[in-house]
Every structure is written in C-alpha cells, then in structure tokens.
Amino acid sequence: MRSESKSSSADSPTAATAQASAASSESAPADRTARRAVTVFPILVLAAGAAGLSTPGTFSGWAPDVPYLLGVIMFCMGLTMTPQDFSGVVKRPWAVALGLVAHYVIMPGLGWLIANALGLSPQLAAGVILVGCAPSGTASNVVTYLARGDVALSVSVATVSTVLAPLVTPPLTLLLAGEFLPVDAGSMVTDILKTVLLPVLAGLVVRLFAGRYLHRVLGLLPWLSAVTIGVIVAVVVAASADAIKSAAALVLLAVVLHNGLGLALGYGAGKVARLGAPASRAMAFEVGMQNSGLAASLAAAHFSPLAALPAAVFSVWHNVSGALVAAWMSYRARRRPAA
C-alpha cells in the first residue's frame, strides 16, 4: 500500500493522510492529521460557496476556466499515484468489481429516482443525475481509514472508477438524464479525457520518472487541490446565485438523500456479498461519495450553471456526512470489532 493516496482529487485534500495513517494504524498523530484535514476541507469549500454567493461578480467571469482548474486538480492527483494503486485489482478482482458495479449502478439510479420523486426542474434533475454518474471521490480514502475500513479496497475502487469514467459516465448520463435535457455523450467523453484522464496519466508519468524530486512538494498538493476545488465551487455558486435562494432547500434535500442512501446501500452491498466488516465500510464510502468537482465542471459545460449547483452542494455535504458516519462506524468497530 502506498504512503500517499490520491490526495489531490477534486473532492479531497486529504487522501494522502489515509494511506500514511493506514500504514501505521495505531499512530495517534496521523489520526489527528486525518481528522483535521477532513474538518478543514468542507469548511474551506463552504467559505468559497459563501464568497461566490455574496460577491458573484468577483467569480462570474471565471466560468470558462473551470475545466482547466479541474485539470490542475487531476494532474496533482496523478502526481500522488503509483502503480501500486492498481495492484488491488489483481489481488482482489471480485471485491473491486463489486465496488465498481455498486458505484455505477446505485448512485446513478438513486439520482434518477430522487430527481423524479422530488419533481426537480430539468436543469437540477440533470445535475443530480450527473453527480450520481461521476466516479468515486477520493475523500472516501480518508473516511474509510477513519471508519477502520479497508483502505486498500477503497483506493483500488476509487482509482479504477476514475480511469473508467470516460467510458461509463457519458452513456449513463445520456441514458438517465436524456429525458430531462439533451446530452451530447460524445462531447462529454472528450471533455473527461481532456480534463480527467490525460492529466491523471500525465501526473502518473511525471511521478514515475521524477518521483525522487517530488517528495518535498507532495505535502503541498492536497492543499493546492483544496483551494482549487474551492474556487470551482465559488464559480459555480456565483453563476447561479440568483436561483440559489429559491432552490437551495430542495437541492440540499436531494443531495442529503442521494448521499445518505448511497452510503447505506453501499454498506449493504458489502454485507450481502459477505466481504466482511472493514470492506463493507469501504464500500459505503466508495458508493456514497462522488467526484463532485468533475460533475460540476461537466454540468457547467454541457448543461447550465444551475445544473452544476447539486455538485457544489454535494462537494460540501459528502465530506461532512462522511466524517460523521466514519466516526460512528469507528465507535462501533471499537466496541464490537467483529460486527
């Protein structure tokens, strides 16, 4: 297991801490670092959203830069990756495959059901569904560690789901969101390749050939990613500031239901498959936590700023809920290790 996880994903500044902590699971300092980072990130994103809402003019002209900002984040993610991240696929292909299927079936399906059940407008419905069709967010690596879950499985599922995103996210979005808005799946594939897969691969190549020169800056990458995703959230919120006041409560309800049911059903999938308690905890977070930075970028580019609002809200909420659920799971694991 590598010492730095995909810490620079669009949804977590802290996954590096998860792997470092997992390597020494009894390390109190590492545990405190993980908890502090999980706490700081949603606060930073919430502050960015408040800035976008209060001074939309400051960020309104930045919308064309969102794909480039996401590319920077994904490049940083690639810098923290090593080939070991893919070793779990070979060691436990069944568990990784189950995690991928659960992620790309449960969350897209929930997004469609919630959009219809709440009667969301076409823009918001497409945005919620797109969040569900996004790959796993690697904040899941950190909260899996905090929950005493299977971090290796979490890293493997998050990594492979990101690599598969160009092949899976566009057709799923077309299938489920096409009834609400026109979806150009081909253009979406191109955007994901340019803003996600290519930057990740570029970062991985740089890490492979110049890794010995990067160790001094790896610790800065998580916080660079945190600031960048904060800027993305500010831009998304600023672009739809006028609509937020009327839609905020409904969007929050949709996000809470989407994330909460995803966590529960992901955990249930692991239990039904008899993967064991640690792996089931990992499954909960791999299913319920999304790369909402990618979802926000795609929604803004292919639908509208309003459609990106669910992703911006999800970016804050899933980190808060993830930390809370992880604390509860950790408490149960300490009291009943076999449960």
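Everything that follows concerns the structure shown earlier in this document.
First, a word on what this report is: a plain description of the structure on this page. (Residues numbered from 1 in each chain as written. Predicted model: local features only at pLDDT ≥ 70, side-chain atom pairs only at ≥ 80, totals over all residues. Heavy atoms only, no water.)

This part takes up the pattern of salt bridges. For side chains bearing opposite charge, pairing can occur when the charged atoms are close. Counted under the stated rule, the structure contains one salt bridge. In this structure, the salt-bridge partner of D150 is R92, at a minimum N-O distance of 2.6 Å. In this pair, D150 sits in the loop between α8 (139-146) and α9 (151-177) while R92 sits in the loop between α5 (87-91) and α6 (93-117), placing the two residues 58 residues apart along the sequence. The class for D150 is buried, based on a relative accessible area of 15%. You can call R92 partly exposed: its relative accessible area is 32%. (Salt bridge = Lys/Arg side-chain N within 4 Å of Asp/Glu carboxyl O. Helix = DSSP H or I, 4+ residues; strand = E, 2+ residues; numbered from the N terminus. Buried < 20%, exposed > 50% of the residue type's maximum accessible area, 1.4 Å probe, protein only.)

Core analysis: the largest hydrophobic core is formed by 70 residues, its most contacted members being M74, L120, L130, I192, I232 and F303. For this core, the leading source of residues is helix α12 (residues 221-239), giving nine residues. Those residues within four positions of L120 in sequence are excluded, and the remaining contacts are A115, A125, V128, L250 and A254. V142, V143, Y145 and L146 belong to the second-largest nonpolar core, a separate cluster that totals 14 residues. (Core = buried A, V, L, I, M, F, W, Y, C linked by side-chain atoms within 4.5 Å. Contact = heavy atoms within 4.5 Å.)

Bringing unusual backbone geometry into the picture now. Peptide bonds are, in most cases, trans, and in most cases residues other than glycine have a negative phi. You will see that R148, though not glycine, has its phi angle at about 60 degrees, which is positive. Within the fold, R148 resides in the loop between α8 and α9. The phi angle at R274 is positive, at roughly 60 degrees, despite the residue not being glycine. Locating R274 in the fold gives a position in the loop between α13 (241-272) and α14 (277-288).

Taking 1.5 Å as the rise per residue, α9 with 27 residues should run 39 Å; its terminal C-alpha atoms sit only 32 Å apart, a clear shortfall. The sharpest bend along α9 reaches about 70 degrees and sits at A165, with the proline P166 one to four residues further on. Where burial is concerned, most of α9 is hidden: 19 out of the 27 residues are buried. Sitting at the amino-terminal end of α9 is D150, which places a side-chain oxygen 3.3 Å from the backbone nitrogen of A152. (Expected span 1.5 Å × (residues − 1). Bend = angle between axes of the 7 residues up to and from the residue. Polar contact = N/O pair within 3.5 Å; in protein donor to acceptor, adjacent residues only side chain to side chain.)

On to a nonpolar patch on the surface. A surface patch of nonpolar side chains, about 380 Å² in accessible area, is lined by L250, L253, L257, L261 and L265. The residue L250 is located in helix α13 in this model. (Patch = residues over 30% accessible without salt bridge, like charges linked within 9 Å, V, L, I, M, F, W, Y side chains within 5 Å. Areas by Shrake-Rupley, 256 points an atom, 1.4 Å probe, with all protein chains shown as cover.)

Another aspect to go through is the side chain of H302. Position of H302 relative to the elements: it lies in helix α15 (residues 292-302). Separated by 2.6 Å, the side chains of H302 and D191 make a polar contact. Excluding residues that lie within four positions of it along the chain, H302 makes contacts with D184, S187, M188 and D191.

Within this structure, the stated rule accounts for one cavity of 30 Å³ or more. For the largest cavity, the full set of lining residues is V128, V131, A254, V255, H258, P310 and F314. For the lining of the largest cavity, the elements supplying multiple residues, two or more each, are α7 (122-133), α13 and α16 (309-335). Ranked by residue count, the leading element in the lining of the largest cavity is α13, at three residues. Across the lining of the largest cavity, the residue classes tally to six nonpolar, one polar and no charged. (1 Å grid on protein atoms, 1.4 Å probe; cavity = no way out; pocket = protein on both sides within 12 Å on 5 of 7 lines; lining within 4 Å. Points joined across faces, edges and corners; volume = space filled by probe spheres on them. Nonpolar A, V, L, I, M, F, W, Y, C, P; charged D, E, K, R; others polar.)

Another point: the packing of aromatic side chains. In this structure the tally under the stated criterion is one aromatic pair. Ring centres 5.4 Å apart and planes at 75 degrees place the aromatic pair F59 and W62 in the edge-to-face group. On the basis of relative accessibility, which here comes to 13%, the residue F59 falls in the buried class. You can call W62 partly exposed: its relative accessible area is 37%. (Phe/Tyr/Trp six-rings, centres within 6.5 Å; stacked < 30°, edge-to-face > 60°.)

As for its placement among the helices and strands, V237 is situated in helix α12. The class of V237 is buried, set by a relative accessible area of 8%. A sequence separation of 185 residues divides V237 from G52, and the C-alpha atoms of the two residues are 5.4 Å apart. Filtering out sequence-adjacent residues up to four positions away, V237 remains in contact with G49, G52, L53, I244 and A312.

By the secondary structure assignment, S154 is in helix α9. The contacts of S154, once residues within four sequence positions are left out, are S140, N141, T144, A282 and E286.

Any functional reading would require information beyond the geometric quantities listed.
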